[in-house]
Amino acid sequence: MQTITVCTDAGYKRLHKQTIAGWATYIRTPSQTIHASGIIGQRTKGSSQAELYAIANALHVLNRNYDLSKYKVILYSDSLYALRNHLDGSLGKQRQDRKEVYDKFIRPQLDKIMVYEARHVKGHLPKSEWASSSARFYMQNWCDEEVHRIMKIMYAIVNKKAEEKRLCLQQKKSIIKP
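Residues numbered from 1 in each chain as written. Predicted model: local features only at pLDDT ≥ 70, side-chain atom pairs only at ≥ 80, totals over all residues. Heavy atoms only, no water.

This part takes up the packing of aromatic side chains. All told, the structure shown has 3 aromatic pairs when counted by the stated rule. Centroid distance Tyr26 to Trp142: 6.0 Å. Interplanar angle 70°. Geometry classified as edge-to-face. Separated by 116 residues along the polypeptide, Tyr26 in strand β2 (residues 18-28) and Trp142 in helix α4 (residues 134-176) bring together distant segments of the chain. On the basis of relative accessibility, which here comes to 9%, the residue Tyr26 falls in the buried class. Judged by centre distance (5.6 Å) and plane angle (85°), the rings of Tyr66 and Tyr71 are edge-to-face. (Phe/Tyr/Trp six-rings, centres within 6.5 Å; stacked < 30°, edge-to-face > 60°. Helix = DSSP H or I, 4+ residues; strand = E, 2+ residues; numbered from the N terminus. Buried < 20%, exposed > 50% of the residue type's maximum accessible area, 1.4 Å probe, protein only.)

We now examine the sheet that holds β2. Read from one edge of the open sheet, 5 strands run β3-β2-β1-β4-β5, paired in mixed fashion. Of all the strands in the sheet, the pair left with one neighbour each is β3 (33-39) and β5 (115-120). Neighbouring strand axes in the sheet, compared pairwise and without regard to direction, differ in orientation by 15° on average. In this sheet, strand β4 (residues 71-77) lies alongside strand β1 (residues 2-15) in parallel orientation, the contact comprising 7 bridges. By the bridge assignment, Val6 is partnered in β4 with Leu75. The sheet strands contacting helix α1 (residues 47-65) are β1, β2, β3 and β4, and the helix crosses β1 at an angle near 145°. (Pairing = 2+ DSSP bridges. Axes fitted to C-alpha atoms, helices over the stretch in contact; angles between N-to-C directions. Contact = heavy atoms within 4.5 Å.)

What follows is the structure, given as structure tokens:
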């Protein structure tokens, strides 16, 4: 049985009364490497929910390219919440909004996989601490940097719109004044 390794990460920020969230995945298969990332288009209520969307997007990308019933999938995430509360159930009660993400987007993908393992990878480690497991830390680091890149773009867009709105309101106030 061949193995596919998947690493995911997500970013979440509340900015100017809006939430922005992004995701990234690094997938290593027997025949290729897939890098994918993007903006989470769903309304996201926090970083834990964003991490679940990252896992869902990674599994969706993988499912588009492979018949998952033929592979063992090892899924790495730096989110203990996502891993323990949704993928292995060891933490207990799930929040309803996050359970809906899992039930709708993740569980159907996991059901297609022959065998899967969910593993924690400690995020944000300096290279000096990667030790013998450097491949998984390299994958996690790529995901982290890619999410930061996407979030930086989103910050700029949201900040620009907020500034345009502020200027527009200032102009309206100056027009109204005698």
